[in-house]
Amino acid sequence: MKKFKFIIAFIIIGINMALGQTNTREISKNRIIIPYNIEVCFDKTVHIIFPDPVEYIDLGSVNIIAGKADGAENVVRVKASVKDFTDETNFSVITAAGDFYSFNVSYASRPDKLSFEMKDFTHRNNISDLPNNRQEVYLTDLDSESSKTMKLIMETIYKKNKREVKHIDSKKFGIECDLKSIYCHSNMLYFHIELKNKTHLSYDIDLMTFKIADKKVTRRTAIQETIIKPVKAFNDVTVINGKSTEHMVYAFEKFTISDDKVLIVELFEKNGGRHQRFDVKNAELVKAREIDKLRCHCCN
């Protein structure tokens, strides 16, 4: 019986191949990214300003040249490398935020438009309403989380500005550094930190470090520390003005620590000594709140 079924299947495949039929599907219209149309010429340069730094540019033919403008990570310049070319070509751009842009390019001796500003297509109310002229791309350094989703999550945490953790902070020299909350989504952890400057002197941030170290270290024991770095930061300010408050969100790849270690968060003042430090135990990490508790529209 199995042999008979195999013969029938083989005959069907042969018939389909003879008729030019294969096991493929047509790409539906709602899956197509509609490109922008631009015109270029040999004597003038077209500049396109993107809302985020450009990570990738691919050209459809040698008839055009394109690249990032000198000293600007989010500006792409495009022009014709062949005068009066007749065949339409294209190019694509991927930004650091994970947005994909597509362009069709044709030659014009006098292009009407030489400068473009691409809008940030992040919709505040409904991410499913994204236009079909851009598409999210999953970046390799962020595991399974898209950069655009991370940006929306961090913005949501920042705007909600809730304090879920109330016992982890550092208060010295008129400066307060508080851990407000820890959230998780997919394979990422999000730390919400607030800085208060109660003095009239501005606080210039030199750096903020995150490292895993032993809870107790004897004099004869070598200190073993592991530095962890955030993959993204939101509102990563460098100055806290006098009598003001700032808060920021840092995203990390998911991690936990053993009970004999702590996560040490240290804040260093530039050209000053008002340094801050607080410790985070593993018990706090594993109690990280799910980000959808904030009703983040990007997670629906």
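In what follows, the accompanying structure is described.

What counts as what
- Every chain is numbered independently, its residues counted from 1 as its sequence is written.
- Side-chain atom pairs in this predicted model are given and counted only at pLDDT of 80 or more, local residue features only at pLDDT of at least 70, and totals for whole chains, interfaces and linings cover all residues.
- Heavy atoms from the whole structure form the basis of all side-chain values; hydrogens and water molecules are not counted.
- Nonpolar cores are built from buried Ala, Val, Leu, Ile, Met, Phe, Trp, Tyr and Cys residues. Side-chain atoms within 4.5 Å join them into one set.
- Burial classes: relative accessible area under 20% of the type maximum marks a residue as buried, over 50% as exposed, and values in between as partly exposed (1.4 Å probe, protein chains only).
- Secondary structure counts use DSSP, requiring at least four H or I residues in a row for a helix and at least two E residues in a row for a strand, with both numbered from the N terminus.
- Contact definition: two residues touch when any of their heavy atoms are within 4.5 Å.
- Aromatic pairing here means that ring centres of Phe, Tyr or Trp (its six-membered ring) are within 6.5 Å. Orientation follows from the plane angle: under 30 degrees is stacked, over 60 is edge-to-face, and everything else is tilted.
- We define a salt bridge as a contact between a side-chain nitrogen of Lys or Arg and a carboxyl oxygen of Asp or Glu at a distance within 4 Å.
- If DSSP finds at least two bridges between two strands, the strands pair.
- Structural elements are reduced to axes, namely lines fitted to C-alpha atoms, with helices fitted over the stretch in contact, and the angle between N-to-C directions of any two is expressed from 0 to 180 degrees.
- Any N or O atom pair separated by 3.5 Å or less is treated as a polar contact, with the protein-specific requirement of one donor-capable and one acceptor-capable atom, and with residues adjacent in sequence counted only for side-chain atom pairs.

A few words on the nonpolar core. Phe191, Ile193, Phe210, Phe255 and Leu263 are the most contacted members of the largest nonpolar core, which has 30 residues in total. Elements with a contribution of two residues or more to this core: β11 (175–185), β12 (188–197), β13 (203–214), β17 (244–253), β18 (261–269) and β19 (276–280). Considering each element in turn, this core owes the most residues, five residues, to β13. In this structure, Phe210 is in contact with Ile193, Thr226, Ile227, Ile228, Pro230, Tyr250, Phe252, Leu263, Ile264 and Val265, ignoring residues within four places of it in sequence. Counting 19 residues, the second-largest nonpolar core is a separate cluster that includes Ile38, Val40, Phe50 and Phe91.

A ring pair, where both rings are aromatic, is described by two values, the distance of the centres and the angle of the planes. In the structure shown here, the tally under the stated rule is eleven aromatic pairs. Between the aromatic rings of Phe50 and Tyr101, the centroid separation amounts to 5.1 Å while the plane-to-plane angle is 65°, which identifies the pairing as edge-to-face. Separated by 51 residues along the polypeptide, Phe50 in the loop between β2 (46–49) and β3 (54–59) and Tyr101 in strand β7 (residues 99–107) bring together distant segments of the chain. For the pair Phe50 and Tyr101, a shared accessibility class is recorded, and that class is buried. Judged by centre distance (6.2 Å) and plane angle (85°), the ring pair of Phe50 and Phe103 falls under edge-to-face. Of this pair, Phe50 sits in the loop between β2 and β3 while Phe103 sits in strand β7, and the two are 53 residues apart along the sequence. Taken as a pair, Phe50 and Phe103 share a single burial class, namely buried. Clustering of aromatic rings is evident, with ring pairs tying together Tyr36, Phe50, Phe91, Tyr101 and Phe103.

What follows covers the pattern of salt bridges. Two side chains of opposite charge can pair, provided their charged atoms sit close to one another. What the rule picks out here adds up to 15 salt bridges. The closest approach of N and O atoms between Glu164 and Arg289, which form a salt bridge, is 3.6 Å. Of this pair, Glu164 sits in the loop between α2 (147–160) and β10 (169–172) while Arg289 sits in strand β20 (residues 289–290), and the two are 125 residues apart along the sequence. You can call Arg289 partly exposed: its relative accessible area is 34%. Among the salt bridges present, the one from Glu266 reaches Lys211, with a minimum N-O distance of 3.1 Å. You can see Glu266 sitting in strand β18 and its partner Lys211 sitting in strand β13, a full 55 residues away along the chain. The structure contains a network of salt bridges with shared partners spanning Arg163, Asp169 and Asp178.

For the rest of this paragraph, the subject is unusual backbone geometry. With phi around 55°, Ser186 is a residue other than glycine that occupies positive phi space. Summarising the element assignment, Ser186 is placed in the loop between β11 and β12. Not every positive phi belongs to a glycine, and Asn271 is a case in point at roughly 55°. Along the polypeptide, Asn271 turns up in the loop between β18 and β19.

Bringing the sheet that holds strand β5 (residues 75–80) into the picture now. Spatially, the four strands line up as an open sheet ordered β4-β5-β2-β8, and their pairing is mixed. Across the chains shown, the open sheet's two edge strands, defined by having one partner strand only, are β4 (64–68) and β8 (115–117). For this sheet, the mean inter-axis angle between neighbouring strands, taken without regard to orientation, is 15°. Examined bridge by bridge, β2 and β8 share three bridges and lie parallel to one another.

Attention now goes to the side chain of Glu176. The topology assignment puts Glu176 in strand β11. Among the polar contacts listed, one links the side chain of Glu176 to the side chain of Lys198, at a separation of 2.6 Å. Once residues within four sequence positions are removed from consideration, Glu176 is found in contact with Ser170, Lys171, Glu194, Leu195, Lys196 and Lys198.

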